[in-house]
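For reference, the chains in residue letters:
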Amino acid sequence: MATKQWETTLGERKSMYKQSENSFFKRGEKTSPISVILVTSGSRGNKLLFRYPFQRVADCTSSLTTKQRSPYALNTTGDVLEDPDGDSREQTPLTDQQLVAGFSDIILATILATKSDMCGKKFELKIDNVRFVGHPTLLQHPHTIQVSKTDPSPKREMPTMILFSVVFALRANADPSVISCMHNLSRRIAIALQHEERRCQYLTREAKLMLAVQDEVTNMTETDGSPQSPFRQILPKCKLARDLKEAYDSLCTTGVVRLHINNWLEVSFCLPHKIHRVGGNHVPPEALERSLKAIRPYHALLLLDSEKALLAQLPLDCSPALVRLIKTCSAVKNLQQLAQDADLNLLQIFQIAAHLVYWGKAIIVYPLCENNVYMLSPHANISLYSPLAEAFGQQFPGHDLPSMLAKFSLPLSLSEFRNPLDASVQEAQLIQMVVWMLQRRLLIQLHTYVCLLVPPSEEEPGLLRDEELPLVARVGGRSLSTPSALSFGSPTSSDDMTLTSPSMDNSSAELLPGGDSPLNRRMTETLLASLTEHERQVILNIPAAQSPEDLRMFARLLHYFRGHHHLEEIMYNENMRRSQLKTLFDKFRSVLVVTNHEDPVISLFQSPLE
Amino acid sequence: MKKVPEEYISRELFDTVQVYIITKPELQNKLITVTAMGKKLIGCPVCIEHKKYSRNALLFNLGLVCDARTKTCALEPIVKKLSGYLTTLELESGFISNEESKQKLLPIMSTLLEELNATGACTLPIDESNTINLKLIEQRRDPLIVQEYDVPVFTQCKDHFIKSQWDLTTQQILAYIDGFRHIQKISAEADVELNLVRIAVQNLLYYGVVTLVSIFQYSNVYCTTPTVQSLIDDRSIQEECLNYVTKKGQKRACLRDVFQLYCGLTPGTTVRDLCSRYSQQLQRVDERRLIQYGLMKALIRRLQKYPVKVTRDERSRPPRLYTGCHSYDEICCKTGMSYKELDERLENDPNIIVCWK
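Note that this is a predicted model, so its numbers are computed, not measured.

Undergrad: Just to check I follow, could you spell out the overall build of chain A for this structure?
TA: Looking only at helices and strands, chain A has 27 helices and 17 strands in total. A fraction of 73% describes how many contacts in chain A between residues 6 or more apart in sequence connect residues 24 or more apart. Carbon and sulfur atoms form 54% of the exposed surface of chain A, whose accessible area is close to 28,400 Å².

The structure is reproduced here in structure tokens:
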């Protein structure tokens with residue numbers, strides 16, 4: 001077995017370049033575990049019951065026969081002289097298998113089966129480039145064991161298990177949120193196993209089986225010398241071993257784990273890092289949560305699977321509200337309408353929607369309508385040979401994905417897209433294509449944002465004076481949080497906004513219908529008071545400002561002109577038509593700057609899957 | 001066992017983690033970090049075998065203890081280094097096993113603790129001829145791969161850096177990093193091999209000295225990102241931006257003009273178009289620096305062209321570059337064609353469509 005040559009990083013920039021090239025391809029594996037290990041501690045001492053993936057057979061035997069340390073351990077004398085800096089970072093990247101294979105079963109049992117006072121808490125141990133995380137769980141009170149030890153009676157008790165731990169081995173540089181998630185899964189499995197142990201000694205039985213196979217294989221190796229991995233033999237005999245293997249395999253691939261411990265208790269778990277990715281990097285769960293909290297009632301839920309497929313995945317005892325929601329939801333319906341149609345309150349809808357998004361079963365979009373403008377996502381895979389291209393060709397025969405995507409190179413509204421230049425394609429199919437592309441995060445939607453910026457005055461031009469401070473610094477931001485926004489009129493997903501009569505209009509403090517009444521003038525003045533003198537002058541000098549109606553509308557909407565609220569949001573909150581707003585923007589264009597870009601709140605959900 | 005400060009580790013904690021401190025042979029010389037009872041212990045157990053020791057071996061471990069929530073990656077090289085030094089000292093002069101010199105360990109540990117916590121660096125005099133120097137080094141993320149069509153641009157004023165501290169390759173290419181030359185061009189003009197330039201720039205990228213933008217051309221197309229609003233919200237970005245983009249020798253440009261210019265960048269609009277439409281706003285603004293700043297701060301992003309050959313004869317070869325994976329920038333760099341040449345070639349080919357993203 002060759003010993004590794006350690007290269008120093010000083011001056012060896014080429015290896016650093018190679019390293020980052022390797023790590024580019026290995027980035028996905030930072031979120032996968034390297035190994036899953038089951039250890040116990042009991043009256044028979046510490047035991048490693050099962051580990052997966054299996055060690056290579058050669059490593060197995062060598063640790064028994066010679067007094068050999070792991071080939072990847074540092075040599076005491078050799079390396080201290082060569083590498084005085086003692087930099088522990090890996091120079092030559094080891095494969096995942098090699099990282100954990102170097103640890104023998106016995107040493108793992110020693111270090112992973114902790115003392116009982118570490119039970120019930122997160123266990124984290126890092127050794128060089130491997131990080132172990134688990135949740136050691138106590139099965140019996142240690143005192144019961146002590147009693148049987150001091151009891152001199154010849155009647156021997158059955159060997160009892162005191163504690164156990166399901167441990168995941170990860171690369172040491174795994175993201176803290178990944179480590180946290182793995183710990184969570186370990187804890188969930190532990191809870192299930194603890195329950196089943198108390199109910200019917202499930203764990204003790206499985207442990208007995210595993211140890212028996214291990215003993216058998218050791219005996220066989222000693223007699224006829226042919227090395228075998230005991231864990232391979234354990235798999236067909238122990239359901240628990242198969243469950244652990246399945247958990248490992250799922251974590252490495254889809255990130256969705258569903259186990260049935262003892263064919264009875266369900267343990268389900270998902271690793272958001274595998275499900276939500278942006279251009280090769282995972283989305284941190286905190287960012288995901290922030291986005292989920294910012295969903296508004298005018299957003300819509302787009303399912304990523306067909307209704308049938310999704311319903312088939314649900315457990316038998318799932319909530320009926322979830323089923324109702326899945327059956328009623330649609331890409332053209334916003335969440336508020338969904339609440340009405342599914343007969344649930346909005347808070348429930350939000351919670352279920354967040355749940356579906358977290359599990360990667362749905363994404364948040366703006367409801368589909370004529371005026372939606374879409375553009376190709378910067379993360380979209382437009383390769384001719386991508387699996388997406390193939391799937392598209394199968395779903396929509398006669399059409400190819402790159403040609404469709406090319407149409408969205410320039411922002412295109414849905415109505416423009418539906419205008420069939422190619423009469424052979426049916427309109428309905430075009431909409432299906434857009435939905436298909438949205439589901440695969442190939443398109444982003446652009447919204448219009450408006451910002452108030454008044455031309456600077458003549459004196460001292462070019463210097464940044466207080467007037468040019470952003471509005472937000474002077475005016476306290478008026479945040480429109482989700483459920484309370486419900487009272488603001490009733491939105492529709494299409495552009496067909498019906499104006500409520502002014503007496504029902506409760507979006508801002510407008511009390512009287514139109515006209516140049518003193519009260520209205522006062523209202524306008526108050527709203528404009530937050531501006532500086534210079535700004536007010538400039539605005540009042542605009543020809544459109546001579547119309548009290550227009551000025552009042554402008555003043556009322558002033559707080560939206562900070563570039564954080566898009567057109568559709570203003571329409572929803574203020575119960576206004578798109579055409580009204582656009583006209584207003586045009587009239588006051590000398591003090592407004594307009595731009596189009598994606599909505600940062602939901603752009604997180606427009607990230608592609610790997 | 002010696003502890004500094006005495007009371008920080010309880011008896012119970014030590015009992016619990018003992019197995020990770022003085023370890024079995026298989027774990028020796030490995031950096032071990034264990035978290036228990038609200039504390040994190042980082043150590044590196046060492047074993048020196050020799051007949052002179054009772055039990056024929058000396059086992060020791062100098063570790064650091066922190067709060068469980070601390071990020072300890074930066075401390076690991078220090079622990080490893082210390083274990084190496086102590087091993088050498090022991091082998092050379094029996095530093096740890098000798099009763100007399102053993103006493104020096106406590107004050108050394110105190111100094112270590114104090115100075116590391118205070119300044120992040122420490123100097124430990126061991127005896128007349130030996131001193132250990134230690135420093136906490138910030139851990140940084142792996143840098144991206146640098147492509148030949150990427151353009152490095154300094155994030156701070158170039159003159160802030162003492163050139164002699166950099167390696168020879170970097171010194172040679174420094175003059176050519178102007179935020180407009182791409183890697184291939186730098187390699188050609190500085191007469192340095194392409195891969196060396198890539199590595200040197202990647203090194204600069206790692207330390208945050210440069211960032212990467214794309215090649216500038218008047219035919220380029222850009223569009224705004226949601227981050228463009230930070231120009232309005234963040235006073236410091238405003239100041240920095242206006243200072244950066246104002247033409248040399250002119251009065252500082254005003255925010256409204258600059259913001260209008262950025263918002264004037266839309267899909268389908270080239271920089272040339274922008275210049276003709278917003279000539280008034282550009283009186284005091286350098287459009288190249290405007291684009292450069294916008295890209296550096298992610299206020300705007302570049303829309304690249306990707307050709308895709310969607311139909312082809314059965315007999316012709318499958319497309320190598322026109323697959324949707326390679327941008328115009330990349331193709332021009334690799335083949336030596338200019339944009340115009342590539343455009344002309346592709347426009348006449350009915351089998352090729354172009355996607356912008």
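Undergrad: I would appreciate a short explanation of the UniProt feature "domain: GATOR1 complex protein NPRL3 C-terminal HTH" (unreviewed entry) in chain A in the present structure.
TA: UniProt tags residues 532-593 of chain A as "domain: GATOR1 complex protein NPRL3 C-terminal HTH" (unreviewed entry). What you have in residues 532-593 of chain A is 58% helix and 11% strand, and the ends, taken at the C-alpha atoms, are 18 Å apart.

Undergrad: In this structure, what is going on with the nonpolar core? I would like to understand it.
TA: Side chains of a nonpolar character, in soluble globular proteins, are inclined to be buried together. Residues and elements named next belong to chain A. If you look at the biggest cluster of nonpolar residues, it comprises 78 residues, and the most contacted ones within it are F50 and F132. For this core, the element with the most residues is helix 7 (residues 176-200), which contributes 10 residues. Sequence-distant contacts of F132, defined by excluding residues within four places in its chain, comprise I37, F103, L108, I111, L112, F123, E124, L125, I127, V167, F168 and A169. In this structure, L344, L356, L376 and L443 belong to the second largest nonpolar core, which totals 67 residues.

Undergrad: How should the interface of chain A and chain B be read in this particular structure?
TA: Quite often, the size of an interface is put as the accessible area lost when its parts meet. Counting from both sides, the interface comprises 81 residues of chain A and, opposite them, 79 residues of chain B. Here chain A meets chain B over a buried area of about 7,100 Å², counting both sides, of which 59% is carbon and sulfur. Where chain A meets chain B, there are one salt bridge. Of the charged contacts, one joins A:K126 and B:E76 as a salt bridge, the two residues approaching to 2.5 Å between their closest N and O atoms. The interface formed by chain A and chain B includes 18 residue pairs in polar contact (both at pLDDT 80 or more). In terms of residue count, helix 1 (residues 13-26) of chain A provides more of the side of chain A that touches chain B than any other element does, eight residues in total. Grouping the constituent residues of the side of chain A that touches chain B by class yields 43 nonpolar, 21 polar and 17 charged. Inspection of the sheet shows strand 3 (residues 123-127) of chain A paired to strand 1 (residues 32-36) of chain B by four bridges, in the antiparallel sense. Bridge pairing links A:L125 to B:V34 in strand 1 of chain B.

Undergrad: Would you take a moment to explain the packing of aromatic side chains for this structure?
TA: Given two aromatic rings, one states the distance between the centres and the angle between the planes to describe the pair. The full count for this structure, using the stated rule, is 18 aromatic pairs over all chains. Both rings, one in A:F123 and one in B:Y20, keep their centres 6.5 Å apart while their planes meet at 40°; by these two values the pair is tilted. With one member in each of two chains, A:F123 in strand 3 and B:Y20 in helix 1 (residues 11-21) form a pair that bridges those chains. Note on accessibility: A:F123 and B:Y20 belong to one class, buried. Taking the centre distance of 5.1 Å and the plane angle of 75° together, the rings of A:F392 and A:W436 count as edge-to-face. Of this pair, A:F392 sits in helix 17 (residues 387-395) while A:W436 sits in helix 20 (residues 427-439), and the two are 44 residues apart along the sequence. Take A:F392: its relative accessible area is 0%, and that puts it in the buried class.

Undergrad: Looking at this model, I keep getting lost on the pairing of strand 13 (residues 373-376) of chain A. Mind explaining?
TA: As a general feature of sheets, a regular strand has side chains that alternate between the two faces. Direction of pairing for strand 13 of chain A relative to strand 14 (residues 412-413) of chain A: antiparallel, over a ladder of two bridges. Counterpart to A:V373 in the pairing with strand 14 of chain A is A:S413.

Undergrad: What should I look at first to understand the side chain of A:K361 in this one?
TA: Residues and elements named next belong to chain A. With respect to the helices, strands and loops of the structure, K361 is situated in the loop between helix 16 (346-358) and strand 12 (362-365). For K361, which is buried and forms no salt bridge, the nearest opposite charge comes from D305, at a distance of 4.6 Å. Beyond its immediate sequence surroundings of up to four residues, K361 is in contact with L303, L304, D305, L310, Q313 and L356.

Undergrad: Is there a simple way to explain the packing of helix 25 (residues 567-574) of chain A against helix 26 (residues 578-587) of chain A in this structure?
TA: Any two packed helices are characterised by the angle at which their axes cross and by the distance between the axes. Residues and elements named next belong to chain A. Contact pair helix 25 / helix 26: the axes reach a minimum separation of 10 Å and the direction vectors enclose 115°. Judged by the sense of rotation from one axis to the other, the crossing of helix 25 with helix 26 is right-handed. Of helix 26, the residues touching helix 25 (which contributes L567, E568, I570 and M571) are R578, L581, K582 and F585. Considered class by class, the residues forming the contact of helix 25 with helix 26 number five nonpolar, no polar and three charged.

Rules and cut-offs
Residues numbered from 1 in each chain as written. Chains lettered and ligands numbered in written order. Predicted model: local features only at pLDDT ≥ 70, side-chain atom pairs only at ≥ 80, totals over all residues. Heavy atoms only, no water. Helix = DSSP H or I, 4+ residues; strand = E, 2+ residues; numbered from the N terminus. Contact = heavy atoms within 4.5 Å. Areas by Shrake-Rupley, 256 points an atom, 1.4 Å probe, with all protein chains shown as cover. UniProt positions renumbered as here; feature names shortened; annotations may be inferred. Core = buried A, V, L, I, M, F, W, Y, C linked by side-chain atoms within 4.5 Å. Buried < 20%, exposed > 50% of the residue type's maximum accessible area, 1.4 Å probe, protein only. Buried area = accessible area lost by both parts, 1.4 Å probe. Salt bridge = Lys/Arg side-chain N within 4 Å of Asp/Glu carboxyl O. Polar contact = N/O pair within 3.5 Å; in protein donor to acceptor, adjacent residues only side chain to side chain. Nonpolar A, V, L, I, M, F, W, Y, C, P; charged D, E, K, R; others polar. Pairing = 2+ DSSP bridges. Phe/Tyr/Trp six-rings, centres within 6.5 Å; stacked < 30°, edge-to-face > 60°. Lys, Arg positive; Asp, Glu negative; His and termini not counted. Axes fitted to C-alpha atoms, helices over the stretch in contact; angles between N-to-C directions. Left-handed = near helix turned anticlockwise from the far one by under 90°.

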